[in-house]
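# Fold and contact review
Read off the chains here:
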Amino acid sequence: MKFNSKIKIGNTNVGLNEPTFFIADIGANHDGDLNKAKELIHMCAEAGADVAKFQHFKAQSIVSDTGFKNLGKQSTHQAKWKKSVYEVYQGASINLEWTDELVKTCKEANVQFMTSPYSAELIDHIDPFVSAYKVGSGDINWDLLVSQMAEKGKPMLLASGASSCDDVYNAINALSSYTQDIVLMQCNTNYTASLENFKYIQLNVLKTYANMFPNLILGLSDHTPGHTTVLGAVALGARIIEKHFTDNNDHDGPDHKFAMNPKDWKEMVVRTRELEFALGNGIKKIEENEMQTAVLQRRSLHLTRDIKAGEIIKESDLEILRPSPEGALQPNDFKYAIGKKAQIDLAKGGNLKWMDLR
C-alpha cells in the first residue's frame, strides 16, 4: 500500500512536515438550535480550529430504538441519559436544511466545513460541501459505507476507536484501493470524561501505525479531558487532531461533558504550536541562539605564562578554561599542541591558536 505523506484538505496542506491541523467536532453540541450551531462555528474559529465539524445522521438510520432498550446494563454511560438513546439521537440530528447555512457561516468564520455522513443518502447530500470525509470509529467495519465515501475521490480520515489491528488493516487496505490520501487516527471511544480514560488512550499505537503504514498521515480523535494526549500525540507524529467543542461543559447533552470549551481549546492550540517549534527538524547542530553560549561555556587552551617566539610548548604551559573564542585550540587539541614551537610572542592567559604554532 502506498500513501501520500502530504494531502490537501480544502486549501490547507496537511502532512508529516506540516503544522498540526485541528478539527473542532461540534457534533451534537448545537443542541438542536441552528443559531447556536453558527455561534459555535465562530467560537471554534476564534479559538484556533481549522475545521468546524458536524455529524449528519437521522436517528432511524443510525440507531435501533428497540435494540438499545434491550441492551440493559450494556448501555454503559448512555444509561445515565435522561432520554432514550433514540430520542437523544433525534435531538442531536442536523436538519438537512441547515447545511447551506452552516457552510456559509464557516466561510464567514474562515474555517472549513466538515461533517461525517452516517448513511449512503447523506453522503450524496453533503458531498458538494466537503473537501474530505471523516469515518467515525463505529463504521470502521462497514466497508460498503466507507467505500461509498472513498469513491468520491476526496481525502479520507479514519478513526480507529474500539478496533483491533486487523480491523484497522482491513479498513486501510480497502480505502487504499480508492485513494492514497488517507489519515489514520488513533482513538478511544469512551465518552465519560473520566480521568481513568488516560490509561486506555494508548498513544504509542501511533508508533505501531507508523510501522504498519509508512508515510501514512496519522492523527488523534480524542475524548479525554484537557490536552495532555494531544501534546503526546503530536510528539509521536500525529498531524491531525480532532476534539469535541462546546461553549459550556455544564450544558445538558451527550457531548458537552467531554468536549473542550473555547478557553481550553485555545490553550491547546497555543501549547501545540510551542511543541511544534520545540520538536524541530531532528538535525543536531549548534543553534543560532546558542552560538554565544558555545563560546562562553566551552573550554579552550589558555597559556599559564608568557612565551617567547621559538620556545617549545610544554604541558605545564597550558590550562583548559572557559571561554572558547573562535579559532582557539580545543581541549582535545591539548596533546597535539605539546612540543610545537611558538611562532610569535604569546602572553600569559591568552588563547593558543594553530596559527601561533609551527
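Description of the structure in this document. Just so you know, these numbers come straight off a predicted model, no measurement behind them.

## Re the environment of Lys134
By secondary structure assignment, the location of Lys134 is in strand 6 (residues 133-135). Overall, Lys134 belongs to the buried group, its relative accessible area being 5%. Once the C-alpha coordinates of Lys134 and Asp166 are considered, the two residues, 32 residues apart in sequence, prove to be 20 Å apart. With sequence-adjacent residues up to four places away left out, Lys134 is seen in contact with Lys53, Met114, Ser116, Pro117, Met149, Leu157, Ala159, Met185, Ser221 and Glu242. A distance of 2.5 Å separates polar atoms of two side chains, one belonging to Lys134 and the other to Glu242.

## Comments concerning the pairing of strand 9 (residues 217-222)
Where a strand is regular, its side chains alternate between the two sheet faces. Judged by how many residues are buried, strand 9 sits mostly within the fold: six of six residues are covered. Because side chains alternate across strand 9, one face comprises the buried residues Ile217, Gly219 and Ser221, and the other comprises Leu218, Leu220 and Asp222, equally buried. On the question of chirality, the crossover connecting strand 8 (residues 182-187) to the parallel strand 9 by way of helix 9 (residues 205-212) is right-handed. Sheet topology note: the strand 9/strand 10 (residues 240-244) ladder contains four bridges and is parallel. Bridge pairing in strand 10 places Asp222 opposite Lys243. Crossover connection from strand 9 via helix 10 (residues 228-235) to parallel strand 10: handedness right-handed.

## With respect to the sheet that holds strand 6
In any sheet, the strands associate via hydrogen bonds between backbone groups, in a parallel or an antiparallel arrangement. Strand order across the open sheet formed by eight strands is 5-4-3-10-9-8-7-6, with parallel pairing between neighbours. Looking at strand neighbours, the two that pair on one side only are strand 5 (112-117) and strand 6, the edges of this open sheet. The mean inter-strand angle of the sheet, taken between neighbouring strand axes irrespective of direction, is 25 degrees. Bridge count between strand 3 (residues 21-25) and strand 10: five bridges; the pairing is parallel. Each bridged residue has a counterpart across the sheet, and for Phe21 the counterpart in strand 10 is Ile240.

## Points about the packing of helix 10 against helix 11 (residues 262-279)
Each pair of packed helices can be described by the angle between their axes along with the distance between the axes. Packing of helix 10 against helix 11 leaves a shortest axis separation of 10 Å and a crossing angle of 25 degrees. Considering their axes alone, helix 10 and helix 11 lie roughly parallel with respect to each other. Every pair of crossing elements has a handedness; the one defined by helix 10 and helix 11 is right-handed. Of the residues in helix 11, those in contact with Val230, Leu231, Val234 and Ala235 of helix 10 are Met268, Arg271, Thr272, Leu275, Glu276 and Leu279. Among the residues making up the contact of helix 10 with helix 11, the classes are represented as seven nonpolar, one polar and two charged.

## Here's the deal with the packing of aromatic side chains
This structure, assessed with the given rule, holds six aromatic pairs. Between Phe22 and Trp265 the ring centres are 6.3 Å apart and the planes differ by 65 degrees, which places this aromatic pair in the edge-to-face class. Of this pair, Phe22 sits in strand 3 while Trp265 sits in helix 11; the two residues are 243 residues apart in sequence, bridging distant segments of the chain. Here Phe22 and Trp265 have matching classes, each one buried.

## Focus on the side chain of Ser324
On the secondary structure map, Ser324 appears in the loop between strand 12 (318-321) and helix 13 (334-337). Not counting the four nearest positions on each side in its chain, Ser324 is found in contact with Val295, Arg298, Arg299, Ser300 and Gln330.

## Here's the deal with the side chain of Lys53
Note that Lys53 resides in strand 4 (residues 51-56). Taking the relative accessible area as the measure of exposure, Lys53 reaches 1% and is therefore buried. Side-chain polar atoms of Lys53 contact the side chain of Glu242, separated by 3.3 Å. Those residues within four positions of Lys53 in sequence are excluded, and the remaining contacts are Ile23, Ala24, Asp25, Ile26, Gly27, Met114, Thr115, Ser116, Lys134 and Glu242.

Calculation notes
- Residues numbered from 1 in each chain as written.
- Predicted model: local features only at pLDDT ≥ 70, side-chain atom pairs only at ≥ 80, totals over all residues.
- Heavy atoms only, no water.
- Helix = DSSP H or I, 4+ residues; strand = E, 2+ residues; numbered from the N terminus.
- Buried < 20%, exposed > 50% of the residue type's maximum accessible area, 1.4 Å probe, protein only.
- Contact = heavy atoms within 4.5 Å.
- Polar contact = N/O pair within 3.5 Å; in protein donor to acceptor, adjacent residues only side chain to side chain.
- Right-handed = clockwise from strand over helix to strand, strands pointing away.
- Pairing = 2+ DSSP bridges.
- Axes fitted to C-alpha atoms, helices over the stretch in contact; angles between N-to-C directions.
- Parallel < 35°, antiparallel > 145°, perpendicular 65-115°, else oblique.
- Left-handed = near helix turned anticlockwise from the far one by under 90°.
- Nonpolar A, V, L, I, M, F, W, Y, C, P; charged D, E, K, R; others polar.
- Phe/Tyr/Trp six-rings, centres within 6.5 Å; stacked < 30°, edge-to-face > 60°.

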